[in-house]
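Reading the structure
Each chain, written out:
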Amino acid sequence: MKNRVAITGLGIVAPNGVGLTEFQKALEEGTSGIRFSPELRDLNFSCQLGGEPIISEEKKHQYLTSLQLRNFKSSGILYAVIAGIDAVNDANLSHLSESEDPNWDLGIVFGTGISGVEKFREAIHRIDDKNVRRLGSTSVIQTMASGASAYLSGILGAGNMVTANSSACATGTEALLLGYERIANGQATYMLCGSTSDCGPYIWGGFDALKVTNYKHNDSPQNVPGPMSAHASGFIPGSGAGAYILENMDNAIKRGATIYAEVLGGAINNGGQKGGGSMTAPNSIAIQKCINDALKNSNVSPSDIDYINGHLTGTIKDPDEIENWTLALNRKQKDFPYINSLKGLVGHCLAASASIEIVASVLQLHNNFIFPNSHVLPLHPKISALIDPAKIPTKKKTIPLKTIIKASFGFGDVNACVIFRKI
Amino acid sequence: MTPEDIFTKLQPIIQVYLPEDVAVDNIHLESDLARELNINSAYFVDIVLDIEDEFDIAVANEDMERFETVKDVVTLIQSKIGSV
């Protein structure tokens, strides 16, 4: 008999808002965090726009000590620490870190694609200059993939499983489901889960070279065609971190915690890079299976879904994703649920995309609103042929929400899907 | 440079690495870096880099083997730059 799992805390570091208040306001107002970057221009990037959270020196010192910030060059770890600590405080669990002993009941799954790229670049240069002894004592912990989770566990005294998962754009959704499983199986009471991604040219360069980013709007960062639009021609790379506290439902109810939502269940699968799937393109049958397995595991029928937070990147793949949703849910036209994509407002935050988008999804569910799709008109004709355009809000929509679904599809043909319900 | 001069320059370097619950006036010549000042031994490599920069010296791996008290560090620096 599996335990029920609740979301009792959220933390967010996003290009359009740091902290829940600022982020929610940005969602409601459709505020974009996509900005021009002179650094990318000077480095001859095709896409010279990026999404980078704005964090002052003062704010950094609220979360990390001066000693920790010495020679610190890992934006991803900074984002993770801010989002993670905020989630713990949001869940009213800050007292946990005051204990003398490790919290055997608190675990962490905080994923990333790669950690501390700027620090690693510094290390690589020093090594190549035959100066390895100048790396300093924190080069390893800033660049190891589990760095974010390790920094967090030191701050919080987490004593259950502390680890980093990695599944490209699905990392944040997968992190949530891994944490969910651990609580459902009775192996932990609290799981701090999420994912993070560094900002800057060394993370974003590979995507620029792959020519999946939008290079046509360097002069107009506020007008980039958004996901599902007819003019969508590539995404803008982003960065940041999203964090959530998952908690044993009985424990949450007993201590009077605010319950944002219940995690009903989900599914993770892979397209095996077959059936049209490749390293960078999805296998549609696998996507539909992932969605259907998530529904089955959650005991939810397709008609129960009020709203979809899509993966929807602002590339030529968007119409295929919409088609997959219509097929998986067997719903189309006016019967299709409401849908939006956060990537129009914050860019594609890569390994952090799913976690940032999950925080946005849970906020909408909890507060009964749907944020607008940025620059989505004119709609891609293939999409308007499949679903009613009224289901793609272009302004904030206030509407009661009960059951929502979030899916993420990543490089490597990875798929992850989770279903939340307000209780 | 006298040992006193060295100690004066060394104190702020060590101070950076003190844990939050250890005050800077705890730094004396006889202080044991790890056991009394509670400095995480992982930071010893950073202290060495800072010393090399401040005193313009080179510290070899063997030199770090006797790195227990502040006095050890002063002696090491002294041997590298010669005393006045």
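Residues numbered from 1 in each chain as written. Chains lettered and ligands numbered in written order. Predicted model: local features only at pLDDT ≥ 70, side-chain atom pairs only at ≥ 80, totals over all residues.

Here the focus is the overall build of chain A. Summing up its helical and strand segments, chain A has 16 helices and 15 strands in all. Computed over C-alpha atoms, the radius of gyration of chain A comes to 20 Å, within 12% of the 22 Å expected from 2.2 N^0.38 for 423 residues, which places it in the range of a compact globule. Projected onto its principal axes, the C-alpha positions of chain A cover 60 × 55 × 40 Å. The buried share of chain A, taken over its 423 residues, is 57%. (Helix = DSSP H or I, 4+ residues; strand = E, 2+ residues; numbered from the N terminus. Rg over C-alpha atoms; globule rule 2.2 N^0.38 Å. Buried ≥ 20, exposed ≤ 12 C-beta atoms within 10 Å, placed from the backbone.)

What follows is about the nonpolar core. Among the nonpolar cores identified, the biggest contains 114 residues, and L192(A), Y244(A), I245(A), L246(A) and V362(A) are the most heavily contacted of them. With 10 residues, helix 5 (residues 75-90) of chain A is the single largest residue contributor to this core. Counting only domains with at least three residues in this core, you end up with domain 1 (5-261) and domain 2 (265-421) of chain A. Counting 15 residues, the second largest nonpolar core, distinct from the first, contains I14(B), V59(B), V70(B) and I77(B). (Core = buried A, V, L, I, M, F, W, Y, C linked by C-beta atoms within 7 Å. Domains from an automatic or database assignment.)

A few words on the interface of chain B and chain A. Across the contact, eight residues belong to chain B and six residues belong to chain A. Of the residues belonging to the side of chain B that touches chain A, the class tally is six nonpolar, no polar and two charged. (Contact = placed C-beta atoms within 7 Å. Nonpolar A, V, L, I, M, F, W, Y, C, P; charged D, E, K, R; others polar.)

Residues and elements named next belong to chain B. The end-to-end C-alpha distance of helix 2 (residues 44-55) is 16 Å, a good match for the 16 Å that 12 residues give at a rise of 1.5 Å each. Check the buried side of helix 2 and you find it contacts helix 1 (3-15) and helix 3 (70-81). Directly beyond the C-terminal end of helix 2, a positive phi value near 55° is found at D56. (Expected span 1.5 Å × (residues − 1).)

We now examine the pairing of strand 1 (residues 5-14) of chain A. Residue and element names in this part refer to chain A. The element strand 1 is extensively covered by neighbouring structure, given that 10 of its 10 residues are classed as buried. As paired strands, strand 1 and strand 9 (residues 261-270) are joined by three bridges and run antiparallel to one another. Each residue of the ladder has a partner; that of A6, found in strand 9, is E262. Here strand 1 pairs with strand 8 (residues 240-248) via eight bridges, running antiparallel. Its bridge partner lying in strand 8, G9 is registered against I245. (Pairing = 2+ DSSP bridges.)

Let's shift gears to the domain arrangement of chain A. Residues and elements named next belong to chain A. Splitting chain A by domain gives domain 1 (5-261) and domain 2 (265-421). For domain 1 versus domain 2, the separation of C-alpha centres amounts to 21 Å. Take the side of domain 1 that touches domain 2: its biggest share by element is seven residues, from helix 9 (residues 171-184). For the side of domain 1 that touches domain 2, a count of residues per class yields 28 nonpolar, 28 polar and two charged.

Our next topic: the packing of helix 5 of chain A against helix 8 (residues 147-156) of chain A. Residues and elements named next belong to chain A. Running from N to C, helix 5 and helix 8 point in directions that differ by 40°, and their axes come no closer than 9 Å. When the axes of helix 5 and helix 8 are compared, the pair comes out oblique. Read as a crossing pair, helix 5 and helix 8 show a hand that is right-handed. Between helix 5, through G76, I77, A80, V81, G84, I85 and V88, and helix 8, the contact on the second element is made entirely by G147, A148, Y151, L152, I155 and L156. Considering only residue class, the contact of helix 5 with helix 8 consists of 10 nonpolar, three polar and no charged. (Axes fitted to C-alpha atoms, helices over the stretch in contact; angles between N-to-C directions. Parallel < 35°, antiparallel > 145°, perpendicular 65-115°, else oblique. Left-handed = near helix turned anticlockwise from the far one by under 90°.)

All names here are of chain A. Put simply, L377 and P378 share a cis peptide bond, and its omega is -5°. In this fold, P378 is placed in the loop between strand 12 (369-370) and helix 16 (381-386). For Q333, which is not glycine, the phi dihedral falls at a positive 50°. Tracing the backbone shows Q333 in the loop between helix 13 (318-329) and strand 11 (338-340).

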